[in-house]
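Given next are the chains, with one letter for each unit.
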Amino acid sequence: MSSKSKGGGDTVSRRWTLLLCLGSFFTGLLFTNRMWTVPEAKDIIRANKAKEHREELVVEGYYSKIMDQKEEARKILGEEGSSTEDDLQMLNKAISNLEMELAAARMAQESILKGSPIPQGLKVIKTRRHKYFMVIGINTAFNSRKRRDSVRATWMPQGETRKKLEEEKGIVIRFVIGHGATSGGILDRAVEAEDKKHGDFLRLNHVEGYLELSAKTKTYFSTAFSLWDAEFYVKVDDDVHVNIATLGNTLARHRLKPRVYIGCMKCGPVLARKGVRYYEPEHWKFGGDGNKYFRHATGQLYAISNELAAYISINQHILHKYVNEDVSLGSWFIGLDVEHIDDRKLCCGTPPDCEWKAQEGNSCVASFDWSCSGICDSVDRIKEVHQRCGENESMIWNAVF
């Protein structure tokens, strides 16, 4: 009897335990439903679509670029009659381009995972379609209206001819300028009116100033790279005479090389005394007194290949700026696998120097006076330089780049 009573007690205990467990479960379920609302399916879909869109922005662009490179490699391997050296150069360029795309894709992936906006230099790859041969940016200032007009009247095509040059030859030419210290001020309005008339400006997100030329150069290459997918990007000053066809033919000889930096290479002294022209505030970085800079292209005209412009665009926020823009550009390539091309046709003197060379069939790419770091009194003299040293206008249309 006592044994039965004990068993009944155990049965009641198990029942109450079961009821308490069920009650706790349903109470917890009720509390959870009130305190946490499960996202609706449409909210989940919207979030996923936003994420997919960001990923698609990168993946689609890079997939397209990578497939282009693969197709290029297939063509190389399938070509007959080309030399082994040419094949290797083309394959090296294709591989180098793929490596650059991979590095950029990794940066974009990191931005997505961190929830950060994708850098502008990486976004543009999806939207760029048309291929250009070269972009020529003419560095200019607010007070250089007469210089710009003298360039327009000599070596820079105008109106429909300039548009035809872009469409048929893939050559883009623009005056490059930023903004005044006062946004929308009289300086900006004057350039806007000039641009409305000629349509030949590239406006930068940059505040103009002589001591800001390094920043302007970096912004120029980054902006040009984002707007035009070109093989080469050129910077030239607005007091320099240029033969466009000769420039194109010169650059075309290096198009199979993945990373090239072309100009008249120099290594001038590092000036440590304040008050002198081209004073270097960071002279101590280059050693003791009497030291020279590393080799770099003189600032009147230089060109870089597509991959180097991409490098500047991607890394622009961490590239150091020296006071002299040509030194800054050269410093950005120190430590990279870059081929420096020293071509003296990019720095001829004004007549009679460039004239003699033209008569010998060795036309100059650019002409200026070293003593003035450009053509002395260029507004008055560039027309004479163009008449005596300029190439025939038909050359650009007959050229095959």
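Let us look at the structure shown here. (Residues numbered from 1 in each chain as written. Predicted model: local features only at pLDDT ≥ 70, side-chain atom pairs only at ≥ 80, totals over all residues. Heavy atoms only, no water.)

Attention now goes to the state of the cysteines. Counted according to the given criterion, the structure contains four disulfides. Here Cys348 is linked by a disulfide to Cys364, with a sulfur-sulfur distance of 2.1 Å. Around the S-S axis, the bridge from Cys348 to Cys364 shows a dihedral of about -90° and counts as left-handed. With Cys348 in the loop between strand E8 (339-342) and helix H12 (353-359) and Cys364 in the loop between H12 and strand E9 (366-367), this pair connects stretches of sequence that are 16 residues apart. Just as Cys348 is buried, Cys364 falls in that class too. Disulfide pairing is shown between Cys354 and Cys389; the S-S distance is 1.9 Å. With the S-S dihedral at roughly 65°, the linkage between Cys354 and Cys389 falls on the right-handed side. (Disulfide = S-S within 2.5 Å. Helix = DSSP H or I, 4+ residues; strand = E, 2+ residues; numbered from the N terminus. Buried < 20%, exposed > 50% of the residue type's maximum accessible area, 1.4 Å probe, protein only.)

Here the focus is the pattern of salt bridges. Applying the stated rule across the entire model yields 27 salt bridges. Asp188 is paired through a salt bridge with Arg203; the nearest N and O atoms lie 3.1 Å apart. One end of the pair, Asp188, is in helix H7 (residues 186-198); the other, Arg203, is in strand E3 (residues 201-207), with 15 residues separating them in the sequence. For Asp188, a relative accessible area of 2% gives the class buried. Accessibility expressed as a relative area gives 22% for Arg203, which makes it partly exposed. For Lys357, the salt bridge goes to Asp353, with nearest N and O atoms at 3.4 Å. Remark: Asp353 and Lys357 occur in helix H12; sequence separation between them is four residues, near one turn of the helix. A relative accessible area of 25% places Asp353 in the partly exposed class. (Salt bridge = Lys/Arg side-chain N within 4 Å of Asp/Glu carboxyl O.)

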